[in-house]
Amino acid sequence: MPSLHRRFLLASIHDVSPRFEGEVDRLLDLLEPHVGDRLAMLVVPNHWGSSPIIPGSPFATRLRGWADRGMEIFLHGYFHRDDSGHSEAADRLRARFMTAGEGEFLGLSGSEALTRVREGRSLIEGVIGRPIDGFVAPAWLYGEGALEALGKSAISISEDHLRIWSPASGRILARGPVITWASRTRLRLASSLAAAVALRRLPLRVLRVGVHPPDVHHPALVRSIAETLSVAGGSREPARYSDLLAA
Ligand SMILES: [Zn+2]
């Protein structure tokens, strides 16, 4: 277990789902040399309602394998976001789960958020054969209903852009921005590269790095991620989110 006096590096892969299996493999290749299995996998049970994780499937077996190796498994929304282009095939259950926008857990009522957390958690825990380590909302966006549901579910660990906390205890576990990259526009890509350079040397106790599947399609982002892990990892110990609970 990392000592209290050391500085921690927490790395996470967002949007782990069958939809992005190839990209997730490339992210693993990129991150593992720096952090080994001290890596959080943020898993979407049914990305866009069209990439379900099916118990017994090859992807489910891989997910369990990652958990068996010691990687942390977080629930990351349920559908991640609405995509009306995929709605023709929606059954009634899925339609009930659908919501507009990028931040799936931003506008949900407490009861709807609780339903999604329960359904997602039960699916993922059935697949990995152990409790999930926590919940991270898509786009790190939490509405009142989401916060209420996480407290009721006694989720151990959550995070947003600026902090990590325990909904179960209400304790703040760490503060400081997460380093992440964006590629949707050239401007956002450039500004995320600049932000990574500035943030990776911040003297925070806990430095977080969060990567996304589309990052692997941009060589400049891949280089920035590797450099950030190398710089941050030079003075920090790769850790698990759950290490913060013991600290
Ligand atoms: Zn996401």
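All values reported here derive from a predicted model rather than from experimental measurement.

1. Concerning empty space enclosed by the protein
Then step 1. Summed over the entire model, instances satisfying the criterion amount to one cavity of 30 Å³ or more.
Then step 2. Volume-wise, the largest cavity comes out at about 30 Å³.
Then step 3. In terms of lining, the largest cavity is formed by Leu162, Arg163, Ile164, Ala174, Arg175, Gly176, Val206 and Arg208.
Then step 4. Listed by contribution, the elements that provide at least two residues to the lining of the largest cavity are strand S8 (163-165), strand S9 (172-175) and strand S11 (206-211).
Then step 5. Here the lining of the largest cavity is built from residues that sort into four nonpolar, one polar and three charged.

2. As for the pairing of strand S5 (residues 72-75)
Then step 1. Of the two faces of S5, the one lined by Glu72 and Phe74 and the one lined by Ile73 and Leu75 are each fully buried.
Then step 2. Pairing analysis gives four bridges linking strand S2 (residues 39-43) to S5, with the strands arranged parallel. Directly across from Val43, in S5, lies its bridge partner Leu75.
Then step 3. When S5 meets strand S6 (residues 134-135), the two strands line up parallel, connected through two bridges. Counterpart to Leu75 in the pairing with S6 is Phe135.

3. A short note on the sheet that holds S9
Then step 1. In spatial order, the strands read S7-S8-S9; together these three strands make up an open sheet with antiparallel pairing. In the strand order of this sheet, the two ends are held by strand S7 (158-159) and S9, each with one partner.
Then step 2. Sheet analysis places S8 next to S9, joined by three bridges and oriented antiparallel. Bridging across to S9, Arg163 finds its partner in Arg175.

4. Section: the packing of aromatic side chains
Then step 1. Counted under the stated rule, the structure contains six aromatic pairs.
Then step 2. With 6.0 Å between their ring centres and 80 degrees between their planes, Phe59 and Trp66 make a pair best called edge-to-face.
Then step 3. Between Phe135 and Tyr142, the aromatic rings sit 6.5 Å apart at their centres with planes inclined by 65 degrees, giving edge-to-face as the arrangement. Across the pair, Tyr142 and Phe135 agree in class, each one buried.
Then step 4. Among the aromatic residues, those joined into a ring-pair cluster are Phe105, Phe135, Tyr142 and Trp165.
Then step 5. When the ring centre of Trp165 is taken as reference, the NZ or CZ atom of Arg163 above it lies at 4.2 Å.

5. Details of the environment of Glu119
Then step 1. Position of Glu119 among the secondary structure elements: in helix H4 (residues 110-128).
Then step 2. Overall, the relative accessible area of 32% leaves Glu119 in the partly exposed class.
Then step 3. On a C-alpha basis, the gap between Glu119 and Pro45 in space is 8.9 Å, while along the polypeptide they are 74 residues apart.

6. Points about the pairing of strand S1 (residues 8-16)
Then step 1. Most of S1 sits out of view: nine of its nine residues are buried.
Then step 2. Note: S1 against S11, six bridges, orientation parallel. In the strand pairing of S11, Ser12 is matched with Gly210.
Then step 3. In this sheet, strand S12 (residues 237-238) lies alongside S1 in parallel orientation, the contact comprising two bridges. Looking at the pairing, Phe8 lines up with Glu237 of S12.
Then step 4. In the sheet, S1 pairs with S2 via four bridges, with the strands oriented parallel. In the sheet register, Ala11 faces S2, and the bridge partner there is Leu39.
Then step 5. Note that the unit made of S1, helix H1 (residues 21-35) and S2 has a crossover that is right-handed.

Rules and cut-offs
- Residues numbered from 1 in each chain as written.
- Predicted model: local features only at pLDDT ≥ 70, side-chain atom pairs only at ≥ 80, totals over all residues.
- Heavy atoms only, no water.
- 1 Å grid on protein atoms, 1.4 Å probe; cavity = no way out; pocket = protein on both sides within 12 Å on 5 of 7 lines; lining within 4 Å.
- Points joined across faces, edges and corners; volume = space filled by probe spheres on them.
- Helix = DSSP H or I, 4+ residues; strand = E, 2+ residues; numbered from the N terminus.
- Nonpolar A, V, L, I, M, F, W, Y, C, P; charged D, E, K, R; others polar.
- Buried < 20%, exposed > 50% of the residue type's maximum accessible area, 1.4 Å probe, protein only.
- Pairing = 2+ DSSP bridges.
- Phe/Tyr/Trp six-rings, centres within 6.5 Å; stacked < 30°, edge-to-face > 60°.
- Lys NZ or Arg CZ within 6 Å of the ring centre and 35° of its normal.
- Right-handed = clockwise from strand over helix to strand, strands pointing away.

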